[in-house]
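The chain contents come next:
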Amino acid sequence: MRRLRTHKDRPAIVLTAFGTSTKAKVTYDAFERQVKEALPDYEIRWAFTSEVIREIVNRRLEKSGASERLLSLQQVLANLQAEGYTRAAVQPLHIFPGEEYEEVLSITGVFPGITVATGETLLQRWEKMHEVVEIISADFLAPGEGCNVVVSHGTPTTNTASNMAYMGLDRYLKVKYQNVFLGGVEGVITREEALGAAKGCAVKRVRFIPLMFVAGDHIINDIAGEASADDTPWSVELEDAGISTETTTLEVEGKTFYKGLGFFPEVNKVFIDSIKHILEEL
């Protein structure tokens, strides 16, 4: 059977993301368009690492009668192999080299029957971190306008490599800017640190800057949402302290979305350069 199957000359590209159950999935569409413009001759597939997200979205798709489904990385690689692909360039769209990235490496490092090259996360190298900060700084409020809180996801475990990157980014922002503070939804760089610093700003205005590829559930609910009996969003805490808040947004086809990193063409180029590099390896 293997001898009869037609093998593909080019490797496939597998864009690997955590996933989102929100309408912010349009971020992925914007990124895919940019990838296709840069690499028009390659097959592009998507894999999603969050089992919870896959289950939520796939239930919706099934209920709506749609035939498409979100697939895991293992499923995508198996499908490519069955279609005759012998090589795959897997590009994670994770921001930090944390638990999700380690899971991707554990899959691609041992997947049988297909040669896989795996790209790096966005902030895996210090020079890339500095480059991304420069890109998103275009959205920062100036010191005379207010303060900025850069919102990252964080990691719950102490032994994950991304903790070093979070602490390094925190230090870099404090040295470079007097009015920019890093906060994490969880992990070593805390909400309390970021909001405590923001409350001390002379100008009582704070802008939240998502440091996530997709500004989805965490930004919509944890940061800019409405207060409930179980939770107080970051924006509500600051507004209760007399500080006005806002979160960066942009318009896509007449609709407003919170501005994740995937809406920055310059950030996407960093990922695309990584894809080009691993394609050369293959």
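Up top is the structure.
This one's a predicted model, so the numbers in the text were calculated from it and none came from an experiment.

(A) Local environment of the pattern of salt bridges. Evaluated as defined, the whole model comprises twelve salt bridges. The salt bridge partner of lysine 128 is glutamate 131, with a shortest N-O separation of 3.7 Å. Of this pair, lysine 128 and glutamate 131 both sit in helix 5 (residues 126–136), three residues apart, which is roughly one turn of the helix. According to the relative accessible area criterion, glutamate 131 is partly exposed, its value standing at 34%. Of the charged contacts in the structure, one is a salt bridge between glutamate 246 and arginine 205, with a shortest N-O distance of 2.9 Å. Remark: arginine 205 occurs in strand 7 (residues 205–210) and glutamate 246 occurs in strand 8 (residues 244–247); sequence separation between them is 41 residues. Residue class for glutamate 246 comes out partly exposed when judged on its relative accessible area of 24%.

(B) Main features of empty space enclosed by the protein. Inspection of the entire model under this criterion finds one cavity of 30 Å³ or more. Quantified by volume, the largest cavity comes out at close to 30 Å³. Its residues placed into classes, the lining of the largest cavity shows three nonpolar, six polar and one charged.

(C) Geometry of the sheet that holds strand 1 (residues 12–17). Spatial strand order, 2-1-3-4: four strands in an open sheet with parallel pairing. Every interior strand has two partners, whereas the edge strands, strand 2 (44–48) and strand 4 (115–118), have only one. Each strand of the sheet is rotated relative to its neighbour by a mean of 25 degrees, with strand direction disregarded. Strand direction decides the pairing type here: strand 3 (residues 87–92) and strand 4, joined by four bridges, are parallel. Its bridge partner being in strand 4, alanine 88 is matched across the sheet by valine 116.

(D) Highlighting the sheet that holds strand 8. Spatially, the four strands line up as an open sheet ordered 6-5-7-8, and their pairing is parallel. On the outer flanks of this sheet lie strand 6 (180–184) and strand 8, each paired with one strand and no other. The average angle at which neighbouring strand axes cross in this sheet is 25 degrees, direction not considered. Docked against the sheet, helix 6 (residues 162–176) engages strand 5 (147–152) and strand 6, running at close to 160 degrees with respect to strand 6.

(E) Inspection of the nonpolar core at higher detail. Judged by nonpolar contacts, the single largest core of 51 residues is most densely connected at Phe31, Leu122 and Leu211. Take this core: its biggest share by element is seven residues, from helix 10 (residues 265–281). If near-sequence neighbours (up to four positions away) are discounted, leucine 211 is found in contact with Ile95, Phe96, Leu123, Ile136, Val150, Val151, Ser152, Leu169 and Leu261. Formed by 17 residues, the second largest nonpolar core is a distinct cluster that contains Cys147, Ala198, Cys201 and Ile223.

(F) Molecular detail of the layout of surface pockets. Taken as a whole, the largest pocket encloses approximately 700 Å³ of empty space. Around the largest pocket, the lining comprises 31 residues; the ones closest to its centre are Phe18, His94, Glu100, His153 and His218. Looking at the lining of the largest pocket, the elements that each hand over two or more residues are helix 4 (99–108), helix 6 and helix 8 (217–223). The residue inventory of the lining of the largest pocket, partitioned by class, reads 15 nonpolar, twelve polar and four charged. Approximately 500 Å³ is the volume attributed to the second largest pocket. Lys25, Phe48, Val57, Glu68 and Leu70 are the residues nearest the centre of the second largest pocket, which is lined by 19 residues in total.

Thresholds applied
- Residues numbered from 1 in each chain as written.
- Predicted model: local features only at pLDDT ≥ 70, side-chain atom pairs only at ≥ 80, totals over all residues.
- Heavy atoms only, no water.
- Salt bridge = Lys/Arg side-chain N within 4 Å of Asp/Glu carboxyl O.
- Helix = DSSP H or I, 4+ residues; strand = E, 2+ residues; numbered from the N terminus.
- Buried < 20%, exposed > 50% of the residue type's maximum accessible area, 1.4 Å probe, protein only.
- 1 Å grid on protein atoms, 1.4 Å probe; cavity = no way out; pocket = protein on both sides within 12 Å on 5 of 7 lines; lining within 4 Å.
- Points joined across faces, edges and corners; volume = space filled by probe spheres on them.
- Nonpolar A, V, L, I, M, F, W, Y, C, P; charged D, E, K, R; others polar.
- Pairing = 2+ DSSP bridges.
- Axes fitted to C-alpha atoms, helices over the stretch in contact; angles between N-to-C directions.
- Contact = heavy atoms within 4.5 Å.
- Core = buried A, V, L, I, M, F, W, Y, C linked by side-chain atoms within 4.5 Å.

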